[in-house]
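Descriptive structure summary
Residues per chain are reported as follows:
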Amino acid sequence: MGLRIHSCRGRRHLCMVITIKTNIRMLKKIMAPLALCWLIACQQPETEKRQSASGKSFSAEGKTATIYATADSTDWRLTKTGTSAFKDKPQPMENEISVFVDPTHTYQEFVGIGAALTDAAAETYYKLPKERQQELIKAYFDKDNGIGYTIGRTNINSCDFSSDMYTYVKDGDKSLASFSIEHDKKFKIPFIKEAMAASGNKLNLFASPWSPPAWMKDNNDMLHGGKLKPEFFESWALYFTKFIKAYQQEGIPVWGISIQNEPMARQKWESCIYTAAEERDFLKNHLGPVMEKEGLKDTKIIVWDHNRDMIYQRALTYLSDPEAAKYIWGIGFHWYEDWSGGTPMYDNLRRVYESFPDKKLFFTEGCAESFDSTRYNAWVLGEEYGRSMINDFNNGMVGFTDWNILLDETGGPNHVQNFCFAPVHGDTRTGKLTYTNAYYYIGHFSKFIQPGAKRISCSSSRSQLKSTAFLNPDGKVVVVVMNDSNISSPFFLWINGKAAECTAKPHSISTLIL
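Let me sum up the structure you'll find in this document. (Residues numbered from 1 in each chain as written. Predicted model: local features only at pLDDT ≥ 70, side-chain atom pairs only at ≥ 80, totals over all residues. Heavy atoms only, no water.)

1. Brief notes about the overall build of the protein
Along the backbone of the protein there are 12 helices and 21 strands. Each of the 514 residues in the protein was classed as buried or not, and the buried ones make up 57%. Counted over contacts in the protein with a minimum sequence separation of 6, partners at least 24 positions apart contribute 73%. If you sum the accessible surface of the protein, you get close to 22,000 Å²; carbon and sulfur atoms cover 52% of it. (Helix = DSSP H or I, 4+ residues; strand = E, 2+ residues; numbered from the N terminus. Buried < 20%, exposed > 50% of the residue type's maximum accessible area, 1.4 Å probe, protein only. Contact = heavy atoms within 4.5 Å. Areas by Shrake-Rupley, 256 points an atom, 1.4 Å probe, with all protein chains shown as cover.)

2. Digging into the side chain of Arg-314
Within the secondary structure, Arg-314 sits in helix 8 (residues 311–319). Its relative accessible area of 1% is what places Arg-314 among the buried residues. Within polar-contact distance, the side chain of Arg-314 engages the backbone oxygen of Thr-275 at 3.4 Å. At 2.9 Å, the side chain of Arg-314 forms a polar contact with the side chain of Tyr-318. In this structure, Arg-314 is in contact with Pro-263, Met-264, Tyr-274, Thr-275, Ala-276, Glu-279 and Trp-304, ignoring residues within four places of it in sequence. (Polar contact = N/O pair within 3.5 Å; in protein donor to acceptor, adjacent residues only side chain to side chain.)

3. Side note on the packing of aromatic side chains
Under the criterion given, the structure shown has 43 aromatic pairs. Each ring, one from Trp-335 and one from Phe-400, has its centre 6.5 Å from the other, and the planes form 50 degrees; the classification is tilted. On the criterion of sequence distance, the pair formed by Trp-335 in the loop between strand 10 (330–334) and helix 10 (347–355) and Phe-400 in strand 12 (residues 397–404) is long-range, its members being 65 residues apart. Residue Trp-335 is classed as buried on the basis of its relative accessible area of 4%. Taking the centre distance of 5.0 Å and the plane angle of 85 degrees together, the rings of Tyr-439 and Tyr-440 count as edge-to-face. (Phe/Tyr/Trp six-rings, centres within 6.5 Å; stacked < 30°, edge-to-face > 60°.)

4. Some remarks on the sheet that holds strand 17 (residues 465–471)
Spatial ordering of the open sheet is given by 2-1-21-18-17-16-4-19-20-3, a layout of 10 strands whose pairing is mixed. At either margin of the open sheet sits one strand with a lone partner, and together these are strand 2 (79–85) and strand 3 (87–88). Here strand 4 (residues 98–109) runs beside strand 16 (residues 454–460); their pairing, made up of 6 bridges, is antiparallel. Bridging across to strand 16, Thr-106 finds its partner in Ile-456. Each of strand 1 (64–71), strand 17, strand 18 (477–483) and strand 21 (508–513) touches helix 12 (residues 437–446); the most contacted strand, strand 21, lies at about 20 degrees to it. (Pairing = 2+ DSSP bridges. Axes fitted to C-alpha atoms, helices over the stretch in contact; angles between N-to-C directions.)

5. So, the packing of helix 4 (residues 130–141) against helix 5 (residues 188–198)
Contact geometry of helix 4 with helix 5 gives a least axis separation of 9 Å together with a crossing angle of 55 degrees. Of the possible angle classes, the one that applies to helix 4 and helix 5 is oblique. Considering the relative orientation of helix 4 and helix 5, their crossing is right-handed. Across from Gln-134, Ile-137 and Phe-141 in helix 4, the residues of helix 5 making contact are Phe-191, Glu-194, Ala-195 and Ala-198. (Parallel < 35°, antiparallel > 145°, perpendicular 65-115°, else oblique. Left-handed = near helix turned anticlockwise from the far one by under 90°.)

6. Re the packing of helix 7 (residues 276–293) against helix 8
Relative orientation and spacing of two packed helices are given, respectively, by the angle between their axes and the distance between those axes. Here helix 7 crosses helix 8 at 35 degrees, and the two axes come no closer than 9 Å. In this structure, helix 7 meets helix 8 at a crossing whose hand is right-handed. For the pair helix 7 and helix 8, the contacting residues are Ala-276, Ala-277, Glu-279 and Arg-280 in the first and Gln-313, Arg-314, Thr-317 and Tyr-318 in the second. A class-by-class count of the residues in the contact of helix 7 with helix 8 yields 3 nonpolar, 2 polar and 3 charged. (Nonpolar A, V, L, I, M, F, W, Y, C, P; charged D, E, K, R; others polar.)

7. A word on the environment of Lys-505
As for its placement among the helices and strands, Lys-505 is situated in the loop between strand 20 (498–504) and strand 21. Lys-505 sits 22 residues away from Asn-483 along the chain, and the two C-alpha atoms are 6.9 Å apart. Residues within four places of Lys-505 in sequence aside, it is in contact with Ala-71, Thr-74, Trp-76, Asn-483 and Ser-488.

8. Comments concerning the sheet that holds strand 7 (residues 204–209)
Sheet strands line up and pair through hydrogen bonds in the backbone, either parallel or antiparallel. Judged by pairing direction, the barrel is parallel, and its 8 strands sit side by side in the order 5-6-7-8-9-10-11-12 before closing back on the first. Here the average twist between neighbouring strands, direction ignored, is 25 degrees. In the sheet, strand 5 (residues 112–116) pairs with strand 12 via 5 bridges, with the strands oriented parallel. Within the sheet, the bridge partner assigned to Ala-116 lies in strand 12 and is Asn-404.

9. Considering the pairing of strand 21
In terms of burial, strand 21 is largely enclosed, as 6 of its 6 residues are buried. The alternating pattern of strand 21 places Ser-508, Ser-510 and Leu-512 on one face and Ile-509, Thr-511 and Ile-513 on the opposite face, and all of these are buried. In this structure, strand 1 lies alongside strand 21, joined through 6 bridges in antiparallel fashion. Paired with Ile-67 across the two strands is Leu-512, which belongs to strand 21.

10. What to know about the pattern of salt bridges
Per the counting criterion, the structure on display carries 23 salt bridges. Glu-135 is paired through a salt bridge with Arg-132; the nearest N and O atoms lie 2.7 Å apart. Highlighted residues: Glu-135 and Arg-132, both in helix 4, separated by 3 residues, approximately one helical turn. In this structure Glu-135 comes out as partly exposed when scored by relative accessible area, which is 28%. Since its relative accessible area comes to 23%, Arg-132 is described here as partly exposed. (Salt bridge = Lys/Arg side-chain N within 4 Å of Asp/Glu carboxyl O.)

Shown next as structure tokens:
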């Protein structure tokens, strides 16, 4: 808009001033809403920006989906069950069940899937015949002949799934001069090395403490909660670095650490309590600086490492402090919030993903509790994994870590009798391996989704079908569809006007690749 200058002589200056002021008021009226729009756009949450940003175009024209399935009341176990070609289908009808996939909208990057390589798992492994050992390690870590695990977790000091209680230092050794991982060299370290080799040295291992040594705590006990005494903050921070470097010397790189397993739970086994503020301050003032000083600033640091129920409050407390947040790679979580009688709180993850999109949401532990060997074939074991993984991926999770990778015929060993299920159990009396359906359900994700994949938009038109989808670095789309109902569900896999006909059997999970 131009500024008019009147040609009247005596009033030239006055007219010009009045006209300029008038035009400035008009400009303000026009620019104010534009400025507001600009401000809103700048403050748009990162997750919303990512959802509106299109990736590369993708066409299903001429493509065929290859289908792998695991289903109850069949012998399908990660079985290739057929293929289905994409055909023209501009508009599915309301009475036609569909799973809609949009590869042009991408979200979080996939890190990997794996399990915990605990003392219990390692001890059980080495009690099995050599042939069964090789079968198991290949079944988990071989990408072609197994399910391709790329994540491992292990314990710093003993945990409940250890046969004994132990630490790496002598009592009262504040300087940590006596630090030694000799205990781990018998079972755990050789087991981890075998897993690394089977994975092609692509295993990202992270480590978690269940408790500091008893003499560092206010209850003088590794069990039953208690808190780390302030006078040992620096020693305990250094303890992490000693562990990492000792494992490195054994040829085992440590990709990450979590600060404390389940920091709000007072358990009958190894445990230690931190409020959110206490964990934040320990990280900010001790662990973070010590890790940097010891040359370990690239080691990932995971906070929380507990259930979904309190995850937002914990995330808010840590990440509102820039001096703590700068050390945090991600927020670990477990699935045990139903201990109180409720149901899984998947939406709590989404709140964190929306509010803190630059931090990773990483599943660090989950298992079916209350072991009972008569329930090896219970189909709900696998469905708990499938339901959790689909929901958590859709809410921003980048990776999944199962609890014990292997347990024995008792659901242990466990020095406090907290016996649980694992996807695979090894009978140390007979040498037999028993694969529960949980192994196959996890495999429908880990075998086909590649590290570096991006989650893409995916939704179902019926509630019995739960689904998630990823775009792999090699350009292939991977769609996982789970039917946890008693109803057989024919459905169309629909991508931008093209659809492939498929069927989800009752109580099944399928992976479709195109």
